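So you can see what is in the structure, the chains are spelled out below.
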Amino acid sequence: NYELIIIFGNGTEQTTIVNSTEYTVSLSAINSPYTIRAVTRFTIVEHSNSSFVFEAQSESVSLTLSSCGSNMFGGFNGSVCVSCPDNSVNEGGYTIGSCECGAGYTGQDGGPCVACTEDTYKAVIGNSSCQPCPNKTGSIRGSTSCSCANGYELIADNCAACGRNYYKNTTSNATCTQCPTYSNTTGSASTSLSDCECTFSVDNANNSSCYAFQSTPVIVNTTRSFTWFVIFWEPLSFVLDRNGSNRGIVFGYSVTYQLSGDPNNSESNNVPAGTSFYNITDLQNESQYIISVSAFNSDFNMGPPATISVTTLSVDRPIIDRVIAYSNSVIGVEWTISSSVLNLVGFNVYVTGVGAPQNSISFNGTSNTFINITDLLASTTYTVTVSTVFDGGQEGNLSPPETVTTLDAVCTPSCPFGGVCIVPPNTCNCSSLISTGGSVDCYGGRVNSSCECTCYDGLFVGGSCSDALYGPIVLVSPSSNGRDVNVTIQPPSPVVSSASIVNYELIIILGNGTEQT
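Residues numbered from 1 in each chain as written. Predicted model: local features only at pLDDT ≥ 70, side-chain atom pairs only at ≥ 80, totals over all residues. Heavy atoms only, no water.

S.K.: Give a detailed account of the overall build of the chain, specifying residues and quantitative values.
M.R.: Along the chain, the regular secondary structure elements total one helix and 48 strands. By the burial criterion, 32% of the 517 residues in the chain qualify as buried. Taking the intrachain contacts of the chain between residues at least 6 apart in sequence as the baseline, contacts between residues at least 24 apart amount to 40%. In the form shown here, the chain has an accessible surface area of approximately 29,700 Å², with 48% of it arising from carbon and sulfur atoms. (Helix = DSSP H or I, 4+ residues; strand = E, 2+ residues; numbered from the N terminus. Buried < 20%, exposed > 50% of the residue type's maximum accessible area, 1.4 Å probe, protein only. Contact = heavy atoms within 4.5 Å. Areas by Shrake-Rupley, 256 points an atom, 1.4 Å probe, with all protein chains shown as cover.)

Below, the structure is given as C-alpha cells:
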C-alpha cells in the first residue's frame with residue numbers, strides 16, 4: 001500500500017478540508033511535496049501500483065509514480081529519479097528511506113553507509129552492524145565475508161598455516177607460494193617474500209632473487225660503436241657463497257643484453273671459463289642496452305649478475321680509436337666514422353687543456369681521419385673530441401671525449417753540468433754556467449751555452465781535450481836475433497787537428513816504469 005498524508009498550511013496533519021485552502025499532499029514514495037489547490041473534498045476512488053486517482057467535486061487529480069532505475073528513488077508524478085547514497089541499494093522503494101546499506105557496509109537506512117573495517121565483515125543488506133572475523137581469518141575493508149589471513153591457506157574448509165619455505169602475503173583463500181630457488185623461511189605461517197632468506201647469496205634489492213653462490217664478475221670496461229660494443233670483466237677462478245664457502249670452480253659466463261624498455265629484444269650467450277670479454281654486434285644505433293654478466297659453476301648453477309647500461313653511438317658521431325702522446329709536445333688523434341653518413345665534408349677537432357689551441361682544428365675531406373697536434377705543454381693532460389661537418393657548414397654530433405697526457409719534459413741525453421732542459425725544442429741551456437765565469441770543470445776545456453764541452457785547442461774526446469781526435473797506430477814485432485824490436489808507425493786516420501803532423505815521438509817504457517833508450 002501507499003500512505004497518503006494531508007498537511008495543513010501551518011504544518012499540521014488534517015483530516016478535514018477547508019474551501020480555498022492550500023494543502024500539501026505527499027506520498028512516501030517521493031522526496032519533494034506536491035501542492036493541490038482549491039480542493040474542498042477528495043477521496044481515494046482508485047489506486048494501483050503506479051497511480052492514485054483523487055476525486056474532488058467535479059474534478060480529478062492523477063498522481064503518477066514513475067519507475068526509477070536500480071538503486072535510485074523518486075519518480076513521483078514525473079519528478080527526477082535520484083541515486084541512492086554511496087554504497088546503498090534500493091530494491092523497489094520510492095523514498096530515500098528505501099535505500100539500505102549494501103553488504104560490506106553499515107549505517108542507517110538512507111545512509112550514509114561506511115565500509116566494514118579491516119578484519120570485519122557484513123554479509124547482508126540493511127542497517128545491521130559489521131561482525132569480527134573468526135580466528136586465523138581476516139578481511140579487507142568493505143568485505144562481505146572473511147578469508148584465510150596472511151600466512152594461512154584454506155584446506156578442507158579450515159585455515160592452516162603456510163608450511164616451511166612457503167609464504168602468503170594476501171588475505172584470501174589462495175594457496176601459499178613457495179619461496180624462490182636457493183631460499184627458505186625460518187618457520188611456518190610466513191607472510192612475506194622477504195621471509196624467504198637466500199641460502200647461499202645475499203638478497204637483491206627487492207628480495208626476489210637468490211643464487212647458488214655470491215661471487216659476481218666485475219665489469220671493468222666497455223668499448224662501443226654504432227652497432228656493437230665489447231664488454232670486459234675480471235674473470236673468476238672459483239665461486240663462494242655468502243659465508244665464504246667454496247661452491248665450485250667457474251665453468252663459464254652467461255652474457256645477456258636487452259634493449260632498454262623492450263624485454264622481447266634480448267639475447268643470452270654462454271662463454272667458457274677464462275674468457276674476460278664479449279663482443280655484441282648487430283645492435284641499433286643510438287640505443288640503450290642493459291648488459292649483465294653472470295658466472296656459473298660445473299652444475300650450471302648461476303650466480304648474481306653484474307649489470308651495466310651502454311648506449312650505442314649515433315651514425316653521424318665519430319669514434320676516437322686512439323689518442324697517443326708521441327712526445328712532450330705532440331699528440332696524435334685517430335678516429336672513424338660510419339660509411340653510411342651522407343653529405344659529410346670534413347671534421348672539427350677540439351683540444352682542451354692548458355696550452356691547447358684556442359680554436360677547433362678544422363679540415364676538409366673525409367679520407368683523412370688522423371691528425372697530429374703540436375706545440376703542447378709537457379706533462380699536461382688534454383681532452384680531445386671530434387665532430388662531423390656537413391655540406392653547408394652544419395656541425396654534427398661530438399665524439400665521446402678521450403684524454404691523453406703528454407710525456408715528461410726531458411732532454412735525451414740529459415743535460416750535463418746541471419744545465420736546463422728547454423721543452424720544446426728539447427735542448428739544453430747552460431747560459432747560467434757561462435755567466436758565472438765557466439766555473440764548471442770541462443776536463444781542460446769550457447762549457448758552451450748548449451751544455452757542450454769545447455776545448456781551447458783541439459776537440460773534446462774521451463772525457464778530455466786532446467790535440468787530435470785519433471792517435472797514431474804503433475805496431476811492434478820482435479826481430480830474429482832476439483835483441484832488437486821492429487816498430488811500425490801508422491799516421492792517424494783521419495787527421496783532425498789545427499796543424500799538420502810534422503814528427504812522431506817514440507817513448508819506450510821499461511817494465512819498472514823508467515824510460516829506456
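S.K.: Kindly report on the packing of aromatic side chains, identifying the contributing residues and their values.
M.R.: This structure, assessed with the given rule, holds eight aromatic pairs. For the ring pair Phe296 and Phe300, a centre distance of 5.4 Å and an interplane angle of 20° mean the geometry is stacked. A relative accessible area of 4% means that Phe296 is categorised as buried. Their ring planes at 70° and their centres at 5.4 Å tell us that Trp335 and Phe347 sit as a pair that is edge-to-face. Of the two residues, Trp335 sits in strand E32 (residues 331-336) while Phe347 sits in strand E33 (residues 344-352), which places them 12 residues apart along the sequence. Taking relative accessible area as the criterion, Trp335 reaches 1% and is therefore assigned buried. According to the relative accessible area criterion, Phe347 is buried, its value standing at 1%. Through a chain of ring-to-ring contacts, three or more aromatic side chains come together here, namely Phe251, Phe296 and Phe300. (Phe/Tyr/Trp six-rings, centres within 6.5 Å; stacked < 30°, edge-to-face > 60°.)

S.K.: If you had to explain the pattern of salt bridges to someone new, which residues and values would you point to?
M.R.: When the charged atoms of two side chains lie near each other, side chains of opposite charge can form a pair. This structure, assessed with the given rule, holds one salt bridge. As a salt-bridge pair, Glu334 and Arg322 come within 2.7 Å of each other at their nearest N and O atoms. In this pair, Glu334 is assigned in strand E32 and Arg322 in strand E31 (residues 319-325), connecting sequence segments 12 residues apart. Among the residues examined, Glu334 registers a relative accessible area of 26% and is labelled partly exposed. For Arg322, a relative accessible area of 42% translates into the label partly exposed. (Salt bridge = Lys/Arg side-chain N within 4 Å of Asp/Glu carboxyl O.)

S.K.: Please give an account of the environment of Leu283 that cites residues and values.
M.R.: Tracing the backbone shows Leu283 in the loop between strand E28 (277-280) and strand E29 (288-297). By relative accessible area, Leu283 is classed as buried at 8%. It is 9.6 Å that separates the C-alpha atoms of Leu283 and Ser225, two residues lying 58 residues apart in sequence. Residues contacting Leu283, with those up to four places away along its chain left out, are Thr227, Trp228, Phe229, Tyr257, Tyr289 and Thr312.

S.K.: Can you explain a nonpolar patch on the surface? Please cite residues and give values.
M.R.: Residues Val474, Val476, Val485, Val487, Ile489, Tyr504, Leu506 and Ile508 make up a contiguous nonpolar surface patch of about 700 Å² in total accessible area. Secondary structure elements with two or more residues in the nonpolar patch: strand E45 (473-478) and strand E46 (485-490). Looking at which element gives the most residues to the nonpolar patch, the answer is E46, with three residues. Note that Ile489 resides in strand E46. (Patch = residues over 30% accessible without salt bridge, like charges linked within 9 Å, V, L, I, M, F, W, Y side chains within 5 Å.)

S.K.: Give me the lowdown on unusual backbone geometry, citing residues and values where you can.
M.R.: With an omega of 0°, the peptide bond between Gly111 and Pro112 qualifies as cis. Locating Pro112 in the fold gives a position in the loop between strand E11 (105-106) and strand E12 (114-115). Of note in this structure, Asp119 is not a glycine but carries a positive phi near 70°. Structurally, Asp119 can be placed in the loop between E12 and strand E13 (120-121). Residue classification places Asp119 among the partly exposed positions, given a relative accessible area of 36%. Of note in the backbone geometry, Tyr182 takes a positive phi value of approximately 65° without being a glycine. Relative to the helices and strands, Tyr182 is located in the loop between strand E20 (177-178) and strand E21 (183-184).

S.K.: Can you break down the state of the cysteines residue by residue, with the values?
M.R.: Counted according to the given criterion, the structure contains eight disulfides. One disulfide bridge connects Cys179 with Cys196, the sulfur atoms lying 2.0 Å from each other. Measuring handedness by torsion sign, the sulfur bridge of Cys179 and Cys196 sits at about -70° and is left-handed. Of this pair, Cys179 sits in the loop between E20 and E21 while Cys196 is found in the loop between E21 and strand E22 (197-198), placing the two residues 17 residues apart along the sequence. Take Cys196: its relative accessible area is 2%, and that puts it in the buried class. (Disulfide = S-S within 2.5 Å.)

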